[in-house]
Amino acid sequence: MKYSIKFIQSELTKQGYNPGGIDGVLGRNTLGALERIPSLAKEWSTERKLVGFIQLTAQKENIEVGKIDGLWGPQTSYAYDCLLELRKHGAVPVFRRPCDEVDVNPNDWPSEKPQQNIIDFYGEVGKNQTSVEVAYPHILDWDRDVSTTKITCHQKVGDSLVRVLSKVKDHYGMDGIHRLKLDIWGGGFNVRKKRGGSEYSMHSWGIAMDYDPSNNKLNWGSDRASFAQPDYNKWWELWEEEGWLSLGRARNFDWMHVQAAKL
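Just so it is clear, the structure is predicted and the values come from calculations on it, not from any experiment.

Asks: Looking at this structure, how should I read unusual backbone geometry?
Replies: Backbone phi values are negative for most residues with the exception of glycine, while trans is the configuration of most peptide bonds. With an omega of -10 degrees, the peptide bond between K113 and P114 qualifies as cis. Tracing the sequence through the fold places P114 in the loop between helix 4 (74–89) and helix 5 (116–122). Unusually for a residue other than glycine, D212 sits at a positive phi of about 45 degrees. Within the element layout of this structure, D212 appears in the loop between strand 4 (208–211) and helix 7 (233–241). With a phi angle near 60 degrees, N252 is a residue other than glycine that sits in the positive phi range. Assignment of secondary structure puts N252 in the loop between helix 8 (247–251) and strand 6 (257–259).

Asks: I keep staring at the layout of surface pockets and nothing clicks. Help me out?
Replies: In this approach a probe as big as a water molecule rolls over the atoms, and the regions it shows empty are the leftover space. Volume-wise, the largest pocket comes out at about 790 Å³. Mapped onto the lining of the largest pocket, the elements with two or more residues apiece are helix 4, helix 8 and strand 6. For the lining of the largest pocket, the element with the most residues is helix 4, which contributes 3 residues. Class assignment of the residues belonging to the lining of the largest pocket gives a composition of 11 nonpolar, 13 polar and 12 charged.

Asks: Is there a simple way to think about the side chain of S160 in this case?
Replies: If you trace the backbone, S160 turns up in helix 6 (residues 158–180). Beyond its immediate chain neighbours, meaning those up to four positions away, S160 contacts N107, W109, E242 and W244.

Asks: I'm lost on a nonpolar patch on the surface in this one. Help?
Replies: Side chains of F189, V191 and Y200 sit close together on the surface and give an oily, nonpolar patch of about 230 Å² of accessible area. With respect to the helices and strands, the residue Y200 is situated in the loop between strand 3 (184–187) and strand 4. On the basis of relative accessible area, Y200 is assigned to the partly exposed category, the value being 31%.

Asks: Would you mind going over the packing of aromatic side chains with me for this structure?
Replies: Two aromatic rings are characterised by how far apart their centres lie and by the angle between their planes. All told, the structure shown has 18 aromatic pairs when counted by the stated rule. On the basis of an interplanar angle of 80 degrees and a centroid distance of 4.7 Å, the ring pair of F121 and Y122 is categorised as edge-to-face. Each residue in the set W109, F121, Y122, W185, Y211, F227, Y232, W235, W236, W239, W244 and W255 is aromatic and connected to the rest through ring pairs, giving one cluster. The residue whose ring lies beneath K156 is F121, and the NZ or CZ to ring-centre distance is 4.1 Å. The residue whose ring lies beneath K193 is Y200, and the NZ or CZ to ring-centre distance is 5.0 Å.

Asks: Please explain the packing of helix 6 against helix 7 as it appears in this structure.
Replies: Taken N-terminus to C-terminus, the directions of helix 6 and helix 7 make an angle of 150 degrees; their axes are 9 Å apart at the nearest point. In terms of orientation, helix 6 lies roughly antiparallel with respect to helix 7. In this structure, the crossing between helix 6 and helix 7 has a hand that is right-handed. For the pair helix 6 and helix 7, the contacting residues are L161, V164, L165, K167, V168, H171 and Y172 in the first and K234, W235, L238, W239 and E241 in the second.

Asks: Help me out: how do you make sense of the nonpolar core in this one?
Replies: One broad trend across soluble globular proteins is that nonpolar side chains are buried collectively. In this structure, L182, M209, W235, W239 and W244 are the most contacted members of the largest nonpolar core, which totals 38 residues. Taken together, the elements giving at least two residues each to this core come down to helix 5, strand 1 (129–140), strand 2 (147–154), helix 6, strand 4 and helix 7. Beyond its immediate stretch of four places on either side in the chain, W244 contacts W109, V157, S160, L161, V164, I207, M209, W239, V258, Q259, A260 and K262. The next biggest cluster of nonpolar side chains, apart from the first, holds 25 residues, and it includes I5, L12, I37 and F53.

Asks: Just to check I follow, could you spell out helix 3 (residues 46–60) for this structure?
Replies: Each full turn of the α-helix corresponds to 3.6 residues, which orients residues three or four apart in the same direction. For helix 3, built from 15 residues, the straight-helix expectation of 21 Å at 1.5 Å per residue is met to within 8% by its first-to-last C-alpha distance of 21 Å. Inspection of helix 3 places K49, L50, V51, G52, F53, I54, Q55, L56, T57 and A58 among the buried residues, and these make up the whole buried set. Buried residues belonging to helix 3 abut helix 1 (5–14), helix 2 (28–35) and helix 4. Immediately downstream of helix 3, the backbone of N62 shows phi near 60 degrees, a positive value.

The rules we used
Residues numbered from 1 in each chain as written. Predicted model: local features only at pLDDT ≥ 70, side-chain atom pairs only at ≥ 80, totals over all residues. Heavy atoms only, no water. Helix = DSSP H or I, 4+ residues; strand = E, 2+ residues; numbered from the N terminus. 1 Å grid on protein atoms, 1.4 Å probe; cavity = no way out; pocket = protein on both sides within 12 Å on 5 of 7 lines; lining within 4 Å. Points joined across faces, edges and corners; volume = space filled by probe spheres on them. Nonpolar A, V, L, I, M, F, W, Y, C, P; charged D, E, K, R; others polar. Contact = heavy atoms within 4.5 Å. Patch = residues over 30% accessible without salt bridge, like charges linked within 9 Å, V, L, I, M, F, W, Y side chains within 5 Å. Areas by Shrake-Rupley, 256 points an atom, 1.4 Å probe, with all protein chains shown as cover. Salt bridge = Lys/Arg side-chain N within 4 Å of Asp/Glu carboxyl O. Buried < 20%, exposed > 50% of the residue type's maximum accessible area, 1.4 Å probe, protein only. Phe/Tyr/Trp six-rings, centres within 6.5 Å; stacked < 30°, edge-to-face > 60°. Lys NZ or Arg CZ within 6 Å of the ring centre and 35° of its normal. Axes fitted to C-alpha atoms, helices over the stretch in contact; angles between N-to-C directions. Parallel < 35°, antiparallel > 145°, perpendicular 65-115°, else oblique. Left-handed = near helix turned anticlockwise from the far one by under 90°. Core = buried A, V, L, I, M, F, W, Y, C linked by side-chain atoms within 4.5 Å. Expected span 1.5 Å × (residues − 1).

Below you can see the structure in the form of structure tokens.
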């Protein structure tokens, strides 16, 4: 199970909802406690109420969790991990770079929240796209027999994207690129909603790129994702010099993903 019933029972007890014993059993008392939480929609399934309670608990601890919708997505998974660390160690883990580092943003990429910032800067989803020639072939993750040097992206990020990948080739060389799978392309421009959410993904504007998704799955943290390893530090530094943001470095999930937008 992605979350612990004992953890939920413990939090219900702390918040005065009296779920009975902390025994890991989703019984009548625990279900009754969930029913007494006014912020959880009565029509939600038990599963959504359990997830919604975790979201509400994270929100009370000032942990970013997004919309309280009772749906388990990467942001809720991240928030739950933070709650576990907070209860165990008394502090939320920090996945960002050291706070004394300057957040470089030479291209003035906007914050993705509220999403109107993205619309104001880039325009409507799916618009203003261009095709750029990049420094080395990108092998399609979903069809390893096909590669391309053409990437579709937003007009405002095209030059930056070309610069980053040129520097990647200069630093790693093609042997290093192949070894580290920096040429395994998970996709870029794709008009779609965020997984488990109602807002558009940054891919919808052609300002997000995914690499080697098979070894950097959406919910994997730094203990499993290959891109969290030291060999990739320069890879991320080259993106960050242009202001691009790694969700892995910032939030410790979705290590495949880099975007021309701040959190």
